[in-house]
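This is what each chain is made of:
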Amino acid sequence: MVKGARLGSLTRAPSLTTLIFSLVVMLSCPVMSSSFGASDTEILLKFKGSLQHSNALNNWDPNVEPCERNRGNWAGVICLNGNVRGLQLENMGLMGTIDVDSLVSLRYLRTLSFMNNTFTGTMPTIKKLSALRSVYLSYNHFSGEIPDDAFAGMSLLKKVFLTNNEFTGKIPSSLATLPGLLVLRLDENKFQGHIPNFQQRDSLKKFNVSNNNLEGPIPASLSNLETSSFSGNEYLCGPPLESCESCSRRQLVLKIFIVVIMVVLFVAVVAALCSIFYLRKQSSVPLDRRPTLRDQMINVVASYPNQAGELKLPESTGHRRKVEHGKLSFIRDDRDKFGLQDLLKSSAEVLGSATFGSSYKATITGGQTLVVKRYRQMNNVGREEFNEHMRRLGTLSHPNLLPLVAYYYRREEKLLISDFVENGSLASLLHGKHNENQPPPDWPTRLRIIKGVARGLAYLYDAIPSLTLPHGHLKSSNVLLDESFEPLLADYALSPVINPDLSRQTMMAYKSPEYAQHGSITKKTDIWSFGVLILEILTGRFPENYLTQVHDTDTDLASWVNKMITGKRMSEVFDLDIGGAKSSKGELLKLLKIGLSCCEQEVERRLDIKDVVEKIEEFKEEESEGDNYASSVVNDGDANALRGV
Ligand SMILES: *[C@@H]1O[C@H](CO)[C@@H](O)[C@H](O)[C@H]1NC(C)=O
Ligand SMILES: *[C@@H]1O[C@H](CO)[C@@H](O)[C@H](O)[C@H]1NC(C)=O
């Protein structure tokens, strides 16, 4: 029996173990089924894997359970009853991707916060987590449009925080229909368009869309909220903000204002362009307001009432016959021709006015710049004689002669027109103000000028042998300098057409010693003028000869130089500004001697043009060497070399 009972108990034993086993299996079943999905540990670690800069999550340890009842062992993991209830990953500097898909498996997840990190890109698709109650994405760099249905189906969602991101586009209308929405913060974004019609009139506790680019009327359901919920949206209107009518009126005023400003700006720009254009035009084509040659001539006539007759020029508005009367005669074929009226209308400035005549710089249309000289007393010559002489001057051509371009003849009025020369006259070069830009001429420049004058003069002697005074009026103000300081003789060979009275009063030749002594001029009279010019260039002194009406031995420049030599005051003779090699001293002395020879009071002892040119051509032109001053080494003892001149 006992055996049977034992057996009986034995036979029952397996069924007990089976029972226990199946119980164990049954009990362990939920555990096993849960590990067929993934554990919270695995889910969270997978989620972490798509984040960057996740140092703050270093204590997410696979060997430690994330949740222990209501306590979270992992940073930012919020637990309830051993389940992950929320993720609060705030202020952690996180970046990368928010892997919503892996969070879907956290069945008890209700709140999600990624506030104040550096997430970028579009908003994560949180609607996959349909059980969420709150979402905090504020203070990140999320951007782009949020799909209209982004919150569709999230019936439990109560709090949405998107403050301070870069969201654009419309506010998704799926927010407006969330049944349980309590708090919505969309402020500090770039949302545009109208605010959708929120229907949570009573439930909505906090609502803020301030500082976006929203526009249009605020839905009536939101009209009882504070104004600061809407501030910072320029074109939102209606309660609690000001009414849309006054708003649109203000917008209209603003638009009109902008249009007015733009019109004013446009007008200003057009006016500016016009005035630029006008000024350009003005500088190329003289307008009536700038003084014309005619204006300038009238001015000069007015200021010399005793010397000048009235202006005798044809009026541009005058009779046709008069206009025809006033024709310029061109004596060279190589120049652009222009009419007298063009010339009179050209913009002009006065260059100088003297008894001999006044001169004007005139710029005619097309940019040609000319010098017009108006001679006051040429009335004794008949038209034929005048034309004849002008034609003769027209044939003259030499690199050191200022060519005559055209002339105008009327009985009462003569104009001679020549080219304008850039560097002014020798007189202003020698006696004008000197500074860094306009230094006094150095020795090579002075020598080159003397040589050029000598060549020009020799050419005149050669080309018009019939004239007693091939030049007649040689002085430093009639020696012009071109851009390379090559001299050009002006006012030459005019003695045949100038009234003898005026000639005697003004022309250089009539200030010569021979005219003072014998009342006569000779072929060597121009040489005397040249001698004075040479001495002027070497001494830098302004010759009194130019000012006296007749020759005066006491004020003669040559007399002064001779006095210095005999008084052994040689060191005072030369212009101390003559730069050049010290070795040029010998040449300076030699040239001084030539100048004195040209100024010999006795015409017979005076050099003739051939000798002068020959002697001057012997001088070698050299480049200036540094800052040495040839004139500074001349000493009083050098007078001996010049004795007996
Ligand atoms: C934002 O997070 C950083 C750390 O990433 C922290 O220094 C800063 O204080 C946080 N700002 C706010 C407003 O909490
Ligand atoms: C709305 O947010 C702005 C800041 O973005 C704040 O100044 C304002 O006080 C807030 N208004 C309300 C009603 O919360």
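Computed from a prediction, not measured in an experiment: that's the story for all the values here. (Residues numbered from 1 in each chain as written. Chains lettered and ligands numbered in written order. Predicted model: local features only at pLDDT ≥ 70, side-chain atom pairs only at ≥ 80, totals over all residues. Heavy atoms only, no water.)

This part covers the packing of aromatic side chains. Scanning the entire structure with this criterion turns up 14 aromatic pairs. Centre to centre, the rings of Tyr-136 and Phe-161 are 4.6 Å apart; their planes meet at 20°, and the pair counts as stacked. Linking Tyr-136 in strand β9 (residues 134-136) with Phe-161 in strand β11 (residues 159-161), this pair joins segments that are 25 residues apart in sequence. In this structure, Tyr-136 and Phe-161 share a single accessibility class: buried. Each ring, one from Phe-167 and one from Phe-191, has its centre 6.0 Å from the other, and the planes form 20°; the classification is stacked. A residue pair is termed long-range when its members are at least 10 positions apart, and Phe-167 in strand β12 (residues 166-168) and Phe-191 in the loop between β13 (183-185) and β14 (192-193) qualify at 24 residues. Across the pair, Phe-191 and Phe-167 agree in class, each one buried. These aromatic residues form a ring-pair network of at least three members: Phe-47, Phe-114, Phe-119, Phe-142, Phe-167 and Phe-191. Residue placement shows Lys-414 over the ring face of Phe-386; its charged tip is 5.9 Å from the ring centre. Against the face of Phe-619 rests Lys-590, its NZ or CZ located 5.3 Å from the ring centre. (Phe/Tyr/Trp six-rings, centres within 6.5 Å; stacked < 30°, edge-to-face > 60°. Helix = DSSP H or I, 4+ residues; strand = E, 2+ residues; numbered from the N terminus. Buried < 20%, exposed > 50% of the residue type's maximum accessible area, 1.4 Å probe, protein only. Lys NZ or Arg CZ within 6 Å of the ring centre and 35° of its normal.)

A contiguous patch of negative charge on the surface is contributed by Asp-608, Asp-611, Glu-614 and Glu-618. Note on Asp-611: relative accessible area 33%, which makes it partly exposed. (Patch = residues over 30% accessible without salt bridge, like charges linked within 9 Å, V, L, I, M, F, W, Y side chains within 5 Å. Areas by Shrake-Rupley, 256 points an atom, 1.4 Å probe, with all protein chains shown as cover. Salt bridge = Lys/Arg side-chain N within 4 Å of Asp/Glu carboxyl O. Lys, Arg positive; Asp, Glu negative; His and termini not counted. Charge placed at Lys NZ, Arg CZ, Asp CG, Glu CD.)

Take Ser-174: it is sitting in helix α4 (residues 173-176). Given a relative accessible area of 7%, Ser-174 falls into the buried group. Within polar-contact distance, the side chain of Ser-174 engages the backbone nitrogen of Ala-150 at 3.4 Å. What Ser-174 contacts, discounting residues up to four positions off in sequence, is Asp-148, Asp-149, Ala-150, Phe-151 and Ala-152. (Polar contact = N/O pair within 3.5 Å; in protein donor to acceptor, adjacent residues only side chain to side chain. Contact = heavy atoms within 4.5 Å.)

Taken together, Asn-91, Gly-93 and Asn-116 form the complete shell of residues around ligand 1. Within the contact set of ligand 1, an oxygen atom lies 3.4 Å away from a side-chain nitrogen or oxygen of Asn-91. Separating an oxygen atom of ligand 1 from a side-chain N or O atom of Asn-116 is a distance of 2.3 Å. Here ligand 1 has 360 Å² of accessible area as a free molecule, and 33% of this is covered by the chains. (Near = heavy atom within 4 Å.)

Enumeration over the complete set of coordinates arrives at 12 salt bridges. Across the pair Lys-373 and Asp-491 runs a salt bridge whose closest N-O atoms are separated by 2.5 Å. Taken together, the positions of Lys-373 in strand β21 (residues 369-375) and Asp-491 in the loop between β25 (487-489) and α12 (500-506) put the pair 118 residues apart, joining distant regions of the chain. For the salt bridge of Arg-606 with Glu-514, the shortest nitrogen-to-oxygen distance reads 2.9 Å. Note that Arg-606 is positioned in the loop between α16 (585-598) and α17 (609-617) and Glu-514 in helix α13 (residues 513-518), a separation of 92 residues in sequence. The same class applies to Arg-606 and to Glu-514, which are both buried.

Further remarks concern the side chain of His-473. Tracing the backbone shows His-473 in the loop between α11 (443-463) and β24 (479-481). Given the relative accessible area of 3%, His-473 is considered buried. Among the polar contacts made by the side chain of His-473, one reaches the main-chain amide nitrogen of Met-508 at a distance of 3.0 Å.

Further remarks concern the packing of helix α14 (residues 525-539) against helix α15 (residues 557-566). Taken N-terminus to C-terminus, the directions of α14 and α15 make an angle of 55°; their axes are 9 Å apart at the nearest point. The orientation of α14 relative to α15 falls into the category oblique. Between α14 and α15 lies a crossing whose hand is left-handed. Taken together, the residues of α15 that come into contact with α14 (itself represented by Val-532, Leu-535, Glu-536 and Thr-539) are Leu-557, Ala-558, Trp-560 and Val-561. Grouping the amino acids of the contact of α14 with α15 by side-chain chemistry returns 6 nonpolar, 1 polar and 1 charged. (Axes fitted to C-alpha atoms, helices over the stretch in contact; angles between N-to-C directions. Parallel < 35°, antiparallel > 145°, perpendicular 65-115°, else oblique. Left-handed = near helix turned anticlockwise from the far one by under 90°. Nonpolar A, V, L, I, M, F, W, Y, C, P; charged D, E, K, R; others polar.)

Shape descriptors only; they carry no functional weight alone.
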